[in-house]
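Coordinate inspection notes
Given next are the chains, with one letter for each unit.
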Amino acid sequence: MNMSVATPDYLFESSWEVCNKVGGIYTVLSTKAHTLQQKLQDRVIFIGPDVWGDKVAPDFEEDSSLFSDWKHYAEAVDGLKLKIGRWKVPGNPPAILLDFMPFFAERDTFFFSMWENFKVDSIHAYGDYDESCIFALATGRLIESFYHFYQLENKKVVALFNEWMLGMGALFLQKQVPAIATIFTTHATSIGRSIAGNNKPLYAYLDQYNGDQMAKELNMEAKHSVEKQTAHFADCFTTVSDITARECTQLLDRAPDVVTPNGFEPNFVPTGKEYITKRKEARQTLINVTEKLLGCKISKDALLVSTSGRYEYRNKGIDVFIEAINRLRASNDLTREVVAFIMVPAWVRDARADLKAAIEKNFNNGTPLQFPFITHWLNNMQEDRVLNYLAYCGFTNAATEKLKIVFVPCYLSGNDGIFNKSYYDLLIGMDATIYPSYYEPWGYTPLESVAFGIPTITTNLAGFGLWSLKFLSGSNIKEGVSVIDRTDFNYFEVADAIRDTLLTLSEASPKELSMIQKNCFQLAKQAEWSKFIWYYERAFDVALTRAAKRNC
């Protein structure tokens, strides 16, 4: 992996999730930033949408000294509305928040040019399509303005666009500034995700699916069109795992040039005494909230387990998680108290006032609160799939039950009103995590877990699960990661395997637990950005080489 590759002088990376924590791509970019900043020294520039308006973006800090001469020009001459500063993550890279709304006036003309030049069909667009593609246009205009103002014609410039939402930005630059090398990364194909989300068997029949036909059937024609055409026209097309590469080859008719697995930064994880302190605080918080909700004492030695991620009930395996926990509850072999947390953001109305008061007053009269399964009230309590399945399974959360289950349906950003801790500051208190995904192109949640020394259960349908099998057998949780064989049709077998794995963990000795933690840390080291950045360097090289040939 020490082969010589072309390195960009400037790198622009754009995503809807720059300084905007709405999904897993935020973690990709925010953790990768440190390594890129070390290599490029303020010549890596992240571009995100200004969704904040007059509000303060929580992890963005304006810096008037950055590119100030261009900012005045871009606003006065090119009509761009910008906030320039730094992303408040390790590395503190330059970040630009862009107000794209003024460009809506150009929508029809722009969409026609996308059809005329690249055969992107926007006729059947709906939902977030217009907003996403206009942000992509504005991003292309921003890069074009910066490029010409600083006279970068003799520099090696790469622009990396994440997901279909930014695809038109790459196509715009291909037309307007062909000297800029473009990379398009899909983290999950829109059609693959839609097939899986519509309860169709994705993997058993993948080789028979036609992406264009499925796009029509699933009313995804516009998103699929921009994704497919960008994959074909960009100088370099990448995706994040081998399993998604196969999906791209079949559904987009284009094999990725490079697979760029998602890494993690060790500087997000506390060490030494701080690790011990934070783990103790997390456990105390988790147990205290559970006790106040359920009105009963929870053993300090309770096995704390969780799942988390986006609320994709089937794709993320939330359904099979609940099924497995229910089977564990019914097991005669369970001797240890277990509390299972479902940390999945839903349509939250508000933090529970009764629970908040009980926590603040440290009040517990031995009686559970009304509906002792959820920490925050939802707007759609009657229709929520998690709550309905908990009811169907017959969970009671009674003091006499060895297993309790708690739904935490909010973003854990440190100010949710109940826990008031970030996700990482709660994750560190877990004894195990479970991510039995059916559709998971990479899988940051299990990687984050092992990075924090927490053993995790995932599946071979997750990119991370498949990758970890290069280092582990996957069949023994004592290695740090258990990779369960999941197919389109073995739902109940997966639930049984999770139950059995948790039983094994619940009986592990302190010496075994210490070894498991060491194994987690060891595997996480293999996935640090210092190792994975090489794949991006390879993508930069492919893009720059092709752009150079195109412009000869």
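It should be noted that the structure appears before, not after, this text.
This structure is a prediction, so every number in the text was calculated from the model and none was measured.

**Considering the overall build of the protein**
Along the protein, the regular secondary structure elements total 19 helices and 17 strands. Computed over C-alpha atoms, the radius of gyration of the protein comes to 24 Å, within 12% of the 24 Å expected from 2.2 N^0.38 for 552 residues, which places it in the range of a compact globule. Projected onto its principal axes, the C-alpha positions of the protein cover 75 × 50 × 45 Å. Put simply, the protein has 552 residues, and 60% of those count as buried. Considering only contacts in the protein between residues 6 or more positions apart, those separated by 24 or more positions represent 74%. Accessible area of the protein: about 22,300 Å², with a carbon and sulfur share of 50%. Considering the protein, the positive charge centre built from 57 side chains and the negative charge centre built from 66 side chains are found 5 Å apart.

**Topic: the pairing of strand β7 (residues 181-186)**
In terms of burial, β7 is largely enclosed, as 6 of its 6 residues are buried. Because side chains alternate across β7, one face comprises the buried residues Ala181, Ile183 and Thr185, and the other comprises Thr182, Phe184 and Thr186, equally buried. As paired strands, strand β6 (residues 157-162) and β7 are joined by 5 bridges and run parallel to one another. Opposite leucine 160, over in β7, you have isoleucine 183 as the bridge partner. Handedness of the crossover joining β6 and β7 through helix α5 (residues 167-176) is recorded here as right-handed. One ladder, built from 4 bridges, connects β7 with strand β8 (residues 236-239); its direction is parallel. The partner of threonine 186 across the bridge, within β8, is threonine 239.

**A short note on the packing of helix α3 (residues 107-118) against helix α4 (residues 129-149)**
Between α3 and α4, whose axes approach to 11 Å, the crossing angle comes to 80°. If you check the angle between α3 and α4, you find them roughly perpendicular. Of the residues in α4, those in contact with Arg107, Phe110 and Phe111 of α3 are Tyr129, Asp130, Cys133, Ile134 and Leu137. Looking at the contact of α3 with α4 residue by residue, the classes come out as 6 nonpolar, no polar and 2 charged.

**A look at the packing of helix α1 (residues 24-40) against helix α19 (residues 529-550)**
Each pair of packed helices can be summarised by the angle the axes make with each other and by the distance between the axes. Contact geometry of α1 with α19 gives a least axis separation of 10 Å together with a crossing angle of 80°. Classed by the angle they form, the pair α1 and α19 counts as roughly perpendicular. Contacts from Val28, Thr31, Lys32, Thr35, Leu36 and Lys39 of α1 reach α19 at Trp529, Ser530, Ile533, Tyr536, Glu537 and Phe540. For the contact of α1 with α19, the class distribution of residues is 6 nonpolar, 3 polar and 3 charged.

Conventions adopted
- Residues numbered from 1 in each chain as written.
- Predicted model: local features only at pLDDT ≥ 70, side-chain atom pairs only at ≥ 80, totals over all residues.
- Heavy atoms only, no water.
- Helix = DSSP H or I, 4+ residues; strand = E, 2+ residues; numbered from the N terminus.
- Rg over C-alpha atoms; globule rule 2.2 N^0.38 Å.
- Buried < 20%, exposed > 50% of the residue type's maximum accessible area, 1.4 Å probe, protein only.
- Contact = heavy atoms within 4.5 Å.
- Areas by Shrake-Rupley, 256 points an atom, 1.4 Å probe, with all protein chains shown as cover.
- Lys, Arg positive; Asp, Glu negative; His and termini not counted.
- Charge placed at Lys NZ, Arg CZ, Asp CG, Glu CD.
- Pairing = 2+ DSSP bridges.
- Right-handed = clockwise from strand over helix to strand, strands pointing away.
- Axes fitted to C-alpha atoms, helices over the stretch in contact; angles between N-to-C directions.
- Parallel < 35°, antiparallel > 145°, perpendicular 65-115°, else oblique.
- Nonpolar A, V, L, I, M, F, W, Y, C, P; charged D, E, K, R; others polar.

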